[in-house]
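Observations on chain architecture
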Amino acid sequence: MTTLSVRLTDSPADDATRAALLADPGFGTLFGEHMVRIDYREGEGWGPGSLEPYASLSLSPAAMVFHYAQAVFEGLKAYRLADGGVGVFRPDANAARLNRSAARLAIPALPPERFLEAIDALVTADAAWVPNGEGQSLYLRPLVIATEPALVVRPSREYTFLLFDSPSGAYFARGVKPVTVWVSEDYARAAPGGTGFAKAAGNYAASLVAQRQAQEAGCDQVVWLDAIERTTVEEMGGMNLFFVLGEGADATLVTPELTGTLLPGVTRDSVLTLARDRGLRVEERRVTMDEWRATNADLSMTEAFACGTAAVITPIGHVRTRSDEFRIADGEPGPVATALRADLLGIQHGRLPDRHGWVRRVV
Ligand code: COI
């Protein structure tokens, strides 16, 4: 039984309008018809919340989120299953990470069962907005923002949890074509003791000039190095990185270890698990730019790719820095990235056995 009060839209889109919008949804600009809202007040805790029509918010200009960026968010997806139902991929992992992020920003935890209740209610209400295509999904965006109108610098005493959805196709307009990356030597994403492990809105604000610099250098995405020595590879944009050394039965999958400055990606964790299921050797460890260059030069690096909820798995074709540029293997998607992407999408769409209990069936 949901504790949310329910008010459904009284003007739902007709089937033809919805079908036209879902034909080519793009990423993150089309929104569903409902949202969940749960308010928090210090001393009272989280309120009962509501499922309501998707609509703009009314907030004071003094709401603390606008000034001191007390805001955390998540991203997860509901997929159309092979039997026509709808499943959400690993929402429990996102519920847990939201609270780890919240703790870092002095935001109160939302009980995971409230998070899952919100997911179930929203996906059920907007089930018709889950696209049918391979790799398409209903992208779910939960967030918590500080809403108390107050300009003193301290944690807010009021918050709002919101959950809305966005029918989505590929995150990168060019699909799974390999990207060219720019290694940022001017900017850092996260420093020890900072908020790198949290999905804090401010991390993304601070990444934008580096991403713009990458584009000015003719690249698609920025690769982040560690903030102290600028030698260790950490992430690509908002995604985690993987490298394949060797090939076939000798392949080893390597990913930067979680040091506190990296985001612990749910897709990263899923890729590690699926790679082990496939019998691949897996290493979570430090990877330096020197190693990346050397293993690429002696051809022991056979693939590099990035992963995240939005784009799933994206191969890296070329790497550019201020001083050099190199191509990864033949610059095309490799067999490991291709196989792991197929495994992941197969489970997400309910075509492959869900051996790890990752899919929460909602419809
Ligand atoms: C992801 O899902 O990979 C991301 O973090 C990107 C998202 C912020 C759009």
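Residues numbered from 1 in each chain as written. Predicted model: local features only at pLDDT ≥ 70, side-chain atom pairs only at ≥ 80, totals over all residues. Heavy atoms only, no water.

1. Regarding the site of the ligand
In the vicinity of the ligand, the contacting residues are Phe-73, Tyr-139, Arg-141, Tyr-171, Lys-199, Tyr-204, Gly-238, Met-239, Gly-308, Thr-309 and Ala-310. The backbone of Ala-310 places a nitrogen or oxygen atom 2.8 Å from an oxygen atom of the ligand. Classifying every residue of the shell around the ligand by side-chain character gives six nonpolar, three polar and two charged. Both domains that furnish three or more residues to the shell around the ligand are identified here as domain 1 (5–168) and domain 2 (179–348). (Near = heavy atom within 4 Å. Polar contact = N/O pair within 3.5 Å; in protein donor to acceptor, adjacent residues only side chain to side chain. Nonpolar A, V, L, I, M, F, W, Y, C, P; charged D, E, K, R; others polar. Domains from an automatic or database assignment.)

2. Digging into helix α6 (residues 208–216)
Of all the positions in α6, only Ala-210, Gln-211, Gln-213 and Ala-214 are classed as buried. Down the axis, α6 shows its buried residues gathered within 155 degrees of arc, on one side only. Those residues of α6 that are exposed and aimed more than 90 degrees away from the buried face are Leu-208, Arg-212 and Glu-216. Tucked inside the fold, the buried residues of α6 contact β10 (179–183) and β11 (221–225). (Buried < 20%, exposed > 50% of the residue type's maximum accessible area, 1.4 Å probe, protein only. Helix = DSSP H or I, 4+ residues; strand = E, 2+ residues; numbered from the N terminus. Arc of directions from axis to C-beta. Contact = heavy atoms within 4.5 Å.)

3. A look at the packing of aromatic side chains
Each aromatic ring pair is specified by the distance between its two centres and by the angle formed by the two planes. By the definition in use, this model includes 14 aromatic pairs. For the pair Phe-31 and Tyr-54, a centre-to-centre distance of 5.5 Å together with 15 degrees between the ring planes defines the contact as stacked. Residue Phe-31 is found in the loop between α1 (15–23) and β2 (34–41), and its partner Tyr-54 is found in the loop between β4 (50–53) and α2 (65–68); the two are separated by 23 residues along the sequence. Judged by relative accessible area, Phe-31 falls into the partly exposed class, the value being 29%. Taken together, the aromatic side chains of Phe-27, Tyr-139, Tyr-171 and Phe-172 make up a single cluster linked through ring pairs. Lying across the ring of Trp-129, Arg-18 places its NZ or CZ 6.0 Å from the centre. (Phe/Tyr/Trp six-rings, centres within 6.5 Å; stacked < 30°, edge-to-face > 60°. Lys NZ or Arg CZ within 6 Å of the ring centre and 35° of its normal.)

4. A closer look at the packing of helix α7 (residues 266–277) against helix α9 (residues 335–348)
Each pair of packed helices can be described by the angle between their axes along with the distance between the axes. Where α7 contacts α9, the two axes come as close as 10 Å, and the packing angle between them is 110 degrees. As judged from the angle between their axes, α7 and α9 are roughly perpendicular. Judged by residue contacts, Thr-267, Ser-270, Val-271, Leu-274 and Ala-275 of α7 engage Leu-340, Asp-343, Leu-344 and Ile-347 from α9. Among the residues making up the contact of α7 with α9, the classes are represented as six nonpolar, two polar and one charged. (Axes fitted to C-alpha atoms, helices over the stretch in contact; angles between N-to-C directions. Parallel < 35°, antiparallel > 145°, perpendicular 65-115°, else oblique.)

5. Section: the side chain of Ser-166
With respect to the helices and strands, the residue Ser-166 is situated in strand β9 (residues 158–168). Judged by its relative accessible area of 3%, Ser-166 falls in the buried class. One polar contact links the side chain of Ser-166 to the main-chain carbonyl oxygen of Leu-30, over a distance of 2.7 Å. When sequence neighbours within four positions are dropped, the list of residues in contact with Ser-166 reads Gly-28, Thr-29, Leu-30, Phe-31, Ser-137, Leu-138 and Tyr-139.

6. Here we look at the pattern of salt bridges
Overall, the coordinates contain 21 salt bridges when judged by the stated rule. Note that Arg-41 and Glu-158 form a salt bridge whose closest N and O atoms lie 3.3 Å from each other. On the criterion of sequence distance, the pair formed by Arg-41 in strand β2 and Glu-158 in strand β9 is long-range, its members being 117 residues apart. We classify Arg-41 as partly exposed; its relative accessible area is 43%. The residue Asp-324 makes a salt bridge to Arg-293 at a minimum N-O spacing of 2.5 Å. Linking Asp-324 in the loop between β17 (312–320) and β18 (325–327) with Arg-293 in helix α8 (residues 289–297), this pair joins segments that are 31 residues apart in sequence. Connected via shared salt-bridge partners are Arg-268, Arg-276 and Glu-284. (Salt bridge = Lys/Arg side-chain N within 4 Å of Asp/Glu carboxyl O.)

7. Some thoughts on the pairing of strand β13 (residues 239–245)
Across the seven residues that make up β13, a large majority, seven, are buried. The pairing of strand β12 (residues 233–236) with β13 spans two bridges and is classified as antiparallel. Each bridged residue has a counterpart across the sheet, and for Glu-235 the counterpart in β13 is Asn-240. Connecting the antiparallel pair β12 and β13 is a turn made up of two residues, with Gly-237 showing a positive phi of about 55 degrees. Pairing geometry for β13 and strand β16 (residues 301–308), over six bridges, is antiparallel. (Pairing = 2+ DSSP bridges.)

8. Comments concerning the nonpolar core
Side chains of nonpolar character tend, in soluble globular proteins, to be buried together. In terms of nonpolar packing, the biggest core is built from 47 residues, with Val-36, Phe-115, Leu-140 and Phe-161 touching the most fellow members. A total of seven residues in this core trace back to one element, the largest contributor, which is helix α4 (residues 112–125). Beyond its immediate chain neighbours, meaning those up to four positions away, Leu-140 contacts Glu-74, Gly-75, Leu-76, Lys-77, Ala-78, Val-88, Ile-119, Leu-122, Val-123, Leu-163, Phe-164 and Asp-165. Within the second largest apolar cluster, 24 residues are counted, among which are Val-223, Leu-245, Val-287 and Met-301. (Core = buried A, V, L, I, M, F, W, Y, C linked by side-chain atoms within 4.5 Å.)

9. Notes on α4
Here α4 spans 20 Å end to end across 14 residues, near enough to the 20 Å set by a 1.5 Å rise per residue. All of the buried residues along α4 are Arg-114, Phe-115, Leu-116, Glu-117, Ala-118, Ile-119, Ala-121, Leu-122 and Val-123. (Expected span 1.5 Å × (residues − 1).)

10. Re the domain arrangement of the protein
When its domains are assigned, the protein resolves into domain 1 (5–168) and domain 2 (179–348). Computed over C-alpha atoms only, the centres of domain 1 and domain 2 are separated by 28 Å. Taken residue by residue, the interface counts 22 residues in domain 1 and 22 residues in domain 2. Approximately 1,900 Å² of surface area, both sides summed, lies buried where domain 1 meets domain 2, with 62% of it carried by carbon and sulfur atoms. (Buried area = accessible area lost by both parts, 1.4 Å probe.)

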